[in-house]
Amino acid sequence: MLNIAVMGYGVVGSGVVEVLTNHAEKIAKKAKEEINIKYILDLREFPGNPLEARFTKSFDDIVNDDEVKIVVEVMGGLHPAYEYTKRCLEAGKSVVTSNKELVAMKGAELLALAQQKNLNYLFEASVGGGIPIIRPLSQCLAANDVIEIAGILNGTTNFILTKMIREQMSFEAALALAQQLGYAERNPAADVEGHDSCRKICILASLAYGKHVYPDQVHTEGITKLTLEDVEYAESWGGVIKLIGRVKRDEKKKLQIIVCPMFIPRESQLANVDDVFNGILVRGDSTGDVVFYGKGAGKLPTASAVVADVIDCVKHIGARKYLFWSDGSSDYVEDYMLDTVSMYVRVRIDNVDLAYHNASRVLGGITRLSRKDAPAGELAFITESMPEKDIHKKLDALKELGVEAVSMIRIGDV
Ligand code: HSE
């Protein structure tokens, strides 16, 4: 019998306990060992819970118990999850987590500590919830040079965008619905401002290219400024707006990495990833495009990935798994302003014809877009591809001529 502890009895933690309990026999067969939940760490009381006797409020009970070989950290947040994870690894316990914030911030350090101690630090559930992506990326696709990864990595924002696109709901109304249905938190900033997607693309980039990318190195935009006008123009252009996390490596081996809303062509495999689903496209030099699709959040999908990692850990007690990347550096990520993009731009202006003439003159060949029932004084167009800094410079010049952009969205070539 192998003893484990679960730290955090929230949505994911209770899901992990539920899966381990309900599928105990099947899991024991797969792990070739019975798994016993010896402790559950949570500061709250759970009277009447069938495992009530296993609950503890003291982390020391876990870290000082040599019988506990694997610790599941599903507390979320940086502190004290970071300190607890470190102490568990130092005490010779492997750690399994769904905590994307911690992996994105401290992954290199914790992986190095695990390696030093010949332990495992596994985090399949940190990206894509129940979708297998960490293992496929590090094992099954290992023979490839990863040319690019682009993903819809956040279910909450994808639900909101789907409502805006399909039902013409405003951002505010769609967010309220997402909150009502329990998808979005009461404070939805981490989702709608793009931070959650940023953490996830950092983890994928670190894994794919072998060096840590920190969230503060990634230019991140959320979806709070998107309007139904932009949604309609995306439609008339031939696509949809999606919040995309994207990374590729340039010829100088620097990373081009960004999180932002993008116009995605309707024929893209990511265009039909709707509602709370996630979709992740990995472009390998040998495989071409491989797409991972499924439920990126939720109690049981996420618990399924955590428990699979626990089983893997049990089977590899005393043997290191493959996950590793080295520490990052400040010059590893390219300035996003140097990336070549084309941009959707919407302006409000009295004299549309004059504005179109000036925009064409300043920006070069632009493609004008139209939408049904557009009010007078609205102009929208797509620029040609050029370094993003040039687009901004030209839009500044246009502003001098009285034409000011009220909305700008990058065109995604995924
Ligand atoms: N808030 C996240 C989402 C949860 O909506 O995708 C899963 O990481």
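Up top you'll find the structure we're talking about.
Not measured: the values here are computed from a predicted model.

Asks: I keep staring at the overall build of the chain and nothing clicks. Help me out?
Replies: Each helix and strand counted, the chain has 14 helices and 18 strands in total. Relative to a compact globule of 414 residues, whose C-alpha radius of gyration would be 22 Å, the chain shows 23 Å and is just as compact. Taken along its principal axes, the extent of the C-alpha atoms in the chain is 75 × 45 × 35 Å. Counting only residues that meet the buried cut, the chain has 55% of its 414 residues in that class.

Asks: What's the story with the sheet that holds strand E5 (residues 94–97) in this structure? I'm lost.
Replies: Whenever strands of a sheet pair, they do so through backbone hydrogen bonds, lying parallel or antiparallel. Strand order in the open sheet formed by 6 strands is E3-E2-E1-E4-E5-E6, with parallel pairing between adjacent strands. Here the strands that pair on one side only, and so sit at the sheet edges, are strand E3 (55–56) and strand E6 (121–122). Bridge count for strand E2 (residues 35–41) against E3 is 2 bridges, and the pairing is parallel. In the sheet register, Ile40 faces E3, and the bridge partner there is Phe55.

Asks: What should I look at first to understand the pattern of salt bridges in this one?
Replies: Oppositely charged side chains can pair when the atoms bearing their charge come close. Evaluation of the coordinates by the stated rule reveals 29 salt bridges. In this structure, Asp274 engages Arg166 in a salt bridge whose closest nitrogen and oxygen atoms are separated by 2.8 Å. With Asp274 in the loop between strand E10 (255–265) and strand E11 (277–284) and Arg166 in helix H7 (residues 155–167), this residue pair connects regions lying 108 residues apart in the sequence. Of the residues examined, Asp274 reaches a relative accessible area of 15% and is grouped as buried. Between Lys248 and Asp413 there is a salt bridge; the shortest N-O distance is 3.9 Å. With Lys248 in strand E9 (residues 239–249) and Asp413 in the segment after strand E18 (405–411), this residue pair connects regions lying 165 residues apart in the sequence. Its relative accessible area of 19% is what places Lys248 among the buried residues. Taken together, the shared-partner salt bridges connect Glu124, Arg135, Asp309 and Asp312 into one network.

Asks: Sorry if this is basic, but what is going on with the site of the ligand here?
Replies: Close to the ligand lie Lys100, Asn154, Gly155, Thr156, Asp191, Asp196, Lys200, Gly296 and Ala297. Contact distances for the ligand include 2.8 Å between an oxygen atom and a backbone N or O atom of Gly155. Here an oxygen atom of the ligand and a side-chain polar atom of Thr156 are 2.6 Å apart. Taken by itself the ligand offers 260 Å² of open surface, and the protein chains cover 81% of this. In this structure the site holding the ligand corresponds to the largest pocket. Contributing elements (two or more residues each) for the shell around the ligand: H7 and helix H10 (195–209). For the shell around the ligand, the residue count by class is 1 nonpolar, 4 polar and 4 charged.

Asks: What is the right way to look at the state of the cysteines in this model?
Replies: Disulfide: a covalent bond formed between the sulfur atoms of two cysteine residues. With the rule as written, the count across this model stands at 0 disulfides. Cys140 takes part in no disulfide bond, and the closest cysteine sulfur, belonging to Cys313, lies 18 Å away. Cys140 gets classed as exposed once you look at its relative accessible area, which sits at 61%. This cysteine, Cys198, is not joined by any disulfide, and Cys202 carries the nearest cysteine sulfur, 4.2 Å off. For Cys198, a relative accessible area of 4% translates into the label buried.

About the thresholds
Residues numbered from 1 in each chain as written. Predicted model: local features only at pLDDT ≥ 70, side-chain atom pairs only at ≥ 80, totals over all residues. Heavy atoms only, no water. Helix = DSSP H or I, 4+ residues; strand = E, 2+ residues; numbered from the N terminus. Rg over C-alpha atoms; globule rule 2.2 N^0.38 Å. Buried < 20%, exposed > 50% of the residue type's maximum accessible area, 1.4 Å probe, protein only. Pairing = 2+ DSSP bridges. Salt bridge = Lys/Arg side-chain N within 4 Å of Asp/Glu carboxyl O. Near = heavy atom within 4 Å. Polar contact = N/O pair within 3.5 Å; in protein donor to acceptor, adjacent residues only side chain to side chain. Areas by Shrake-Rupley, 256 points an atom, 1.4 Å probe, with all protein chains shown as cover. 1 Å grid on protein atoms, 1.4 Å probe; cavity = no way out; pocket = protein on both sides within 12 Å on 5 of 7 lines; lining within 4 Å. Sits in = over half its atoms within 2 Å of the grid points. Nonpolar A, V, L, I, M, F, W, Y, C, P; charged D, E, K, R; others polar. Disulfide = S-S within 2.5 Å.

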